[in-house]
Structure formats: structure tokens, C-alpha cells
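# A look at the structure
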Amino acid sequence: MSDPYASRTAVHEQEVDGFGTVRVLPLDPAADAPLLHRWVSEERAAFWGMNGLTEQRVAEIYAHMDTLDTHHAYLLLKDGTPAALLQTYDPDADRVGACYPVEPGDVGIHLLLAPAAAGEARSGWTGGLAAAIVTYVMRVLDRRRVVVDPDVANGKAIARFARQGFTTGPVVVLPEVDLPDVYLPEKRAQLAFLTREVAFGG
């Protein structure tokens, strides 16, 4: 069976000890929409904010993001299999930038893990992906600090980031965004930060 992603050039590829090979591919909004639609439509992905959207609307949202210089979307593969959706953004160009003092070198991320296959053991899954993500944003993109803003009710995500070394920041209210191409409701979020010094030990 051929690799449907073989023709795409990865922006980062990393062999993570004890986990596997992680490739970070720029998202293809049209080609990846069916896969992403399945992921974001699941109840477990409610905090992603796309429950109830059509596949076409999901494609349109990521096609719009693809036109931006400040927000980017990526498909993460683990050993050739789709493993997560990663979004990166410049906090100064995002609503979170109004909620904390943005520092030079900050980068924001959103991460949606792929659903587990039936009977699949996922021990170390988040840590393995996080190792590649942090290397990509801090070393390839040359950013000094990662900020995340999970919903305060999303205890699983908050706990995952804490296990990866993130320091808990304040709880903030992200303002509503109502634009022709983007609508985001107001959200109470738990900010957390990971510095390059903590991630790489100096």
C-alpha cells in the first residue's frame, strides 16, 4: 500500500526514542478535510470547537488559515500514520495576546490528538509527539517560549501540558471573535507556558 503522504515535504522529521518517527507536514486543507472532519466531529473533540460543522466548512476554515502569515496548521504523522493536528500562531495576532504580556519569541500552539484505534495502547503518546513539536517550534522556528490556552474545563489537556513541563499561568477570558471568516465564542482558558530552558535544560 502506497504512502498517501509521501509526496509532501515535511517541515520537521524526528526519531523520538522509544516512540517512533514523527513527521510534521503542512496541512493540505482539501486533501485532509475528510480526516480532520472525522476527528473534530467526535464528542471528545468538543473543546476544539468544530462539532457540528460540515466537511466543507472544515476545509474552508483551514483554507482560510492557509492564507495567513501568523497562523499555521500541520498534520503530524507517527510512523506514517496520522497522529495529531497541530496549529501554531503568533500570540500578538491572536485573541490570547490581549490576555497576557506577550514576549518576543513567544509562539502559541493548539494540539488535537487523533482518536485511538480500537484496542490501541497509547502510553507515552502525548510525550512522544510533544518532543517533536517542541523541537520544531523552538529550534526550527527559533521561538523561545510556548503558550497554550486550553479551556478551563478541559482537565485532560491541562494535565497533559503539566506533565510535559509547562508552568501554569493565569486563568483568563479569551474574548469573542466574530469575523466573516472566523467565529470563536468567548472562552475561559488556563494559560500555561514552556520555556526553551525548561524544555532543553538550558
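Below, the structure is looked at part by part. Here the residue numbers are simple positions, counted from 1 along each chain's written sequence. At least 70 in pLDDT is required for a residue's local features to be given in this predicted model, at least 80 for side-chain atom pairs to be given and counted, and no such filter applies to totals for whole chains, interfaces and linings, which use all residues. Calculation of side-chain values draws on the structure's entire complement of heavy atoms; hydrogens and water are dropped beforehand.

The next point concerns the packing of aromatic side chains. In this scheme Phe, Tyr and Trp rings, the latter by its six-membered ring, pair at centre separations within 6.5 Å, and the angle between planes marks the pair as stacked below 30 degrees, edge-to-face above 60, and tilted otherwise. Summed over all chains, the structure comprises four aromatic pairs. Considering the side-chain rings of Phe 19 and Trp 125, the 5.9 Å spacing of their centres and the 80° angle between planes classify their relative orientation as edge-to-face. Note that Phe 19 is positioned in the loop between β1 (12-16) and β2 (20-26) and Trp 125 in helix α3 (residues 125-140), a separation of 106 residues in sequence. Among the residues examined, Phe 19 registers a relative accessible area of 14% and is labelled buried. The numbering of helices and of strands both runs from the N terminus, where a helix is a DSSP run of H or I of at least 4 residues and a strand a run of E of at least 2. Classification of residues uses two cut-offs on accessible area relative to the type maximum, computed with a 1.4 Å probe and protein chains only: under 20% is buried, over 50% is exposed, and between them is partly exposed.

This part is about the pairing of β2. Counting buried positions along β2 gives six out of seven residues, so the element sits mostly inside the fold. Here, any two strands with at least 2 DSSP bridges between them count as paired. Taken together, the five bridges between β1 and β2 define a ladder with antiparallel strand orientation. For Glu 15, the partnering residue across the bridge sits in β2 and is Thr 21. Between β1 and β2, which pair antiparallel and follow one another directly, the connecting turn spans three residues, one of which, Gly 18, has a positive phi of 75°. Here five bridges tie β2 to strand β3 (residues 71-78), and the two strands are oriented antiparallel to one another. The residue bridging Val 24 from the neighbouring strand is Leu 76, located in β3.

This brings us to the nonpolar core. We call a set of buried Ala, Val, Leu, Ile, Met, Phe, Trp, Tyr and Cys residues a nonpolar core when their side-chain atoms join them within 4.5 Å. Counting residues in hydrophobic clusters, the biggest one holds 28 residues, and the most contacted among them are Leu 76, Leu 129 and Val 146. The set of elements that each furnish at least two residues to this core consists of β2, β3, β4 (81-89), β5 (106-113), α3, β6 (145-148), α4 (155-163) and β10 (187-195). The element best represented in this core is α3, accounting for eight residues. The contact criterion used is simple: two residues touch if any of their non-hydrogen atoms lie within 4.5 Å. Setting aside residues no more than four positions away along its own chain, Leu 76 makes contact with Val 22, Arg 23, Val 24, Thr 81, Pro 82, Ala 83, Ala 84, Leu 86, Leu 129 and Ile 133. Counting 20 residues, the second-largest nonpolar core is a separate cluster that includes Leu 25, Val 40, Trp 48 and Ala 114.

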